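Take a look at the letters that make up each chain.
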Amino acid sequence: RLSRPGSYLRTRGRPHAPRCSQLLLRLQTNLFTIDERSVGIYSAACLLEHSCAPNASVCVRRAGGGAALEVVARRPIEAGEAISFSYLDEAWLAAAAVRQRRERLERELGFWCLCTRCEREMAALGG
């Protein structure tokens, strides 16, 4: 259900983009680059979640005339544990502080990260 024109979503006390912008952000989050001219949306990938300490990696592999999404565990995943990968570049992710990661995810993808790594690092900072 779409909201009335001019109404805005509010997250963490700040106004955000209209719902159509939120939908575009979700679409952007779920797009995977196949090559320089193509992107794909994979229904299985939409079930995965973001984490700054992911338990899996995701990549697109060319297969015949198409492409397939490959999800590979980075460590043993317990039964019932959510499968996660990072929406951020791995090299940048490794070096970035929690505030940098959260601000970038909010700015570029429209959400505030609440993964275990971010929560643990904020607690260590007293926040």
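Attention in this report is confined to the structure presented alongside it. On a predicted model such as this, the values are computed, not experimentally measured, just so you know.

This paragraph deals with the environment of Ser51. Topologically, Ser51 is positioned in the loop between strand E5 (49-50) and strand E6 (56-63). Separated by 31 residues in the primary sequence, Ser51 and Ala82 place their C-alpha atoms 10.0 Å from one another. In this structure Ser51 touches Ser84, Phe85, Ser86 and Cys115, once residues within four positions along its chain are discounted. Of note is the side chain of Ser51, whose polar atom sits 3.0 Å from the backbone nitrogen of Ala53.

Turning our eyes to something else, we now look at the packing of helix H3 (residues 98-109) against helix H4 (residues 116-124). Their axes nearest at 9 Å, the elements H3 and H4 cross at an angle of 135°. Classified by the angle between their axes, H3 and H4 sit oblique to one another. Handedness of the H3/H4 crossing: left-handed. Contacts from Val98, Arg99, Arg101 and Arg102 in H3 reach Arg117, Cys118, Glu119, Glu121 and Met122 in H4. In terms of residue class, the contact of H3 with H4 is built from three nonpolar, no polar and six charged.

Here we come to the layout of surface pockets. Approximately 270 Å³ is the volume found for the largest pocket. What lines the largest pocket is a set of 13 residues, and nearest its centre among them are Thr29, Leu31, Phe85, Ser86 and Tyr87. Where the lining of the largest pocket is concerned, the elements lending two or more residues are helix H1 (19-29), strand E3 (31-35) and E6. With three residues, the top contributor of residues to the lining of the largest pocket is E6. Grouping the constituent residues of the lining of the largest pocket by class yields seven nonpolar, four polar and two charged.

Counting 10 residues, the largest nonpolar core is built from Cys52, Leu88, Leu93, Val98, Leu105, Leu109, Cys113, Cys115, Cys118 and Met122. For this core, the secondary structure elements donating two or more residues are H3 and H4. Broken down by element, this core gets its largest block of residues, three residues, from H3. Ranked by size, the runner-up nonpolar core spans five residues in total, among them Tyr42, Ala45, Leu48 and Phe85.

What counts as what
- Residues numbered from 1 in each chain as written.
- Predicted model: local features only at pLDDT ≥ 70, side-chain atom pairs only at ≥ 80, totals over all residues.
- Heavy atoms only, no water.
- Helix = DSSP H or I, 4+ residues; strand = E, 2+ residues; numbered from the N terminus.
- Contact = heavy atoms within 4.5 Å.
- Polar contact = N/O pair within 3.5 Å; in protein donor to acceptor, adjacent residues only side chain to side chain.
- Axes fitted to C-alpha atoms, helices over the stretch in contact; angles between N-to-C directions.
- Parallel < 35°, antiparallel > 145°, perpendicular 65-115°, else oblique.
- Left-handed = near helix turned anticlockwise from the far one by under 90°.
- Nonpolar A, V, L, I, M, F, W, Y, C, P; charged D, E, K, R; others polar.
- 1 Å grid on protein atoms, 1.4 Å probe; cavity = no way out; pocket = protein on both sides within 12 Å on 5 of 7 lines; lining within 4 Å.
- Points joined across faces, edges and corners; volume = space filled by probe spheres on them.
- Core = buried A, V, L, I, M, F, W, Y, C linked by side-chain atoms within 4.5 Å.
- Buried < 20%, exposed > 50% of the residue type's maximum accessible area, 1.4 Å probe, protein only.

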